[in-house]
Amino acid sequence: TGLTGLTGLTGLTGLTGLIRLIAWFIPLFGLPICLTGLILGIKGNKPPNTGFPIMGITLSIIGLVLTIINSTIGAYLGATGQL
């Protein structure tokens, strides 16, 4: 199958990538999950298993950007009393 040899950091990176797609809605959870996924993706990016770590790194970066945007908008709305 396509998941042969999927172990350790490689599988964990892909799993956290899927969790990040939901976690960025709540910055309190999104930021630690994105940073953890980014670190795991970088550490797990070793041949021959490079597909899932690269996917995890990409999703981590996207989730991190979305989390920062979400928290910035929330902070602005809270500071101006619009929240």
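Parameters and conventions
- Residues numbered from 1 in each chain as written.
- Predicted model: local features only at pLDDT ≥ 70, side-chain atom pairs only at ≥ 80, totals over all residues.
- Heavy atoms only, no water.
- Helix = DSSP H or I, 4+ residues; strand = E, 2+ residues; numbered from the N terminus.
- Buried < 20%, exposed > 50% of the residue type's maximum accessible area, 1.4 Å probe, protein only.
- Contact = heavy atoms within 4.5 Å.
- Areas by Shrake-Rupley, 256 points an atom, 1.4 Å probe, with all protein chains shown as cover.
- pLDDT = per-residue confidence, 0-100.
- Expected span 1.5 Å × (residues − 1).
- Arc of directions from axis to C-beta.
- Axes fitted to C-alpha atoms, helices over the stretch in contact; angles between N-to-C directions.
- Parallel < 35°, antiparallel > 145°, perpendicular 65-115°, else oblique.
- Left-handed = near helix turned anticlockwise from the far one by under 90°.
- Nonpolar A, V, L, I, M, F, W, Y, C, P; charged D, E, K, R; others polar.

Glancing now at the overall build of the chain. Within the chain one finds three helices and zero strands. For the chain, the sequential pattern of α-helices and β-strands runs α-α-α. By residue count, 25% of the 83 residues in the chain fall in the buried class. Look at the contacts in the chain between residues 6 or more apart in sequence, and 63% of them connect residues 24 or more apart. By element, 78% of the accessible surface of the chain is carried by carbon and sulfur atoms, the whole surface being about 5,300 Å².

This part covers the confidence of the model for the chain. Low-confidence regions, as indicated by low pLDDT, have predicted coordinates that should not be scrutinised in detail. Across the chain, the average pLDDT comes to 78, with 82% of residues at 70 or higher. By mean pLDDT, the top-scoring element of the chain is helix H3 (residues 51-79) (87), and the lowest-scoring one is helix H1 (residues 8-23) (71).

This part covers helix H2 (residues 27-44). Relative to the 26 Å expected for 18 residues at 1.5 Å per residue, H2 spans 25 Å between its end C-alpha atoms, a close match to the ideal helical length. Within the span of H2, buried status applies to Gly-30, Cys-34, Gly-37, Leu-40, Gly-41 and Gly-44. Considered in projection along H2, the buried side chains sweep an arc of 135 degrees and stay on one side of the axis. Every exposed residue of H2 that faces more than 90 degrees away from the buried side is listed here: Leu-28, Ile-39, Ile-42 and Lys-43.

On to the environment of Ile-42, then. Looking at where Ile-42 falls in the secondary structure, it is placed in helix H2. Classification of Ile-42 as exposed rests on a relative accessible area of 56%. In sequence terms Ile-42 and Gly-56 are 14 residues apart; their C-alpha atoms lie 8.8 Å from each other.

Next up on the list: the packing of H2 against H3. Closest axis-to-axis distance for the H2/H3 pair is 8 Å, and the angle between their directions is 155 degrees. Taken together, H2 and H3 sit at an angle that is classed as roughly antiparallel. Between H2 and H3 the crossing geometry is left-handed. Residues Pro-27, Gly-30, Leu-31, Cys-34, Leu-35, Gly-37, Leu-38, Gly-41, Ile-42 and Gly-44 of H2 form the contact with H3, whose own contacting residues are Pro-53, Ile-57, Ser-60, Ile-61, Gly-63, Leu-64, Thr-67, Asn-70 and Ser-71. Grouping the constituent residues of the contact of H2 with H3 by class yields ten nonpolar, nine polar and no charged.

For the rest of this paragraph, the subject is H3. End to end, H3 covers 42 Å across 29 residues, agreeing with the expected 42 Å (1.5 Å per residue, within 8%). Considered for burial, the residues of H3 that qualify are Pro-53, Gly-56, Ile-57, Leu-59, Ser-60, Gly-63, Leu-64 and Thr-67. One or two residues past the end of H3 sits Gly-81, with phi positive at roughly 75 degrees.

This part is about the environment of Leu-38. For Leu-38, the position within the fold is in helix H2. A sequence separation of 22 residues divides Leu-38 from Ser-60, and the C-alpha atoms of the two residues are 5.4 Å apart.

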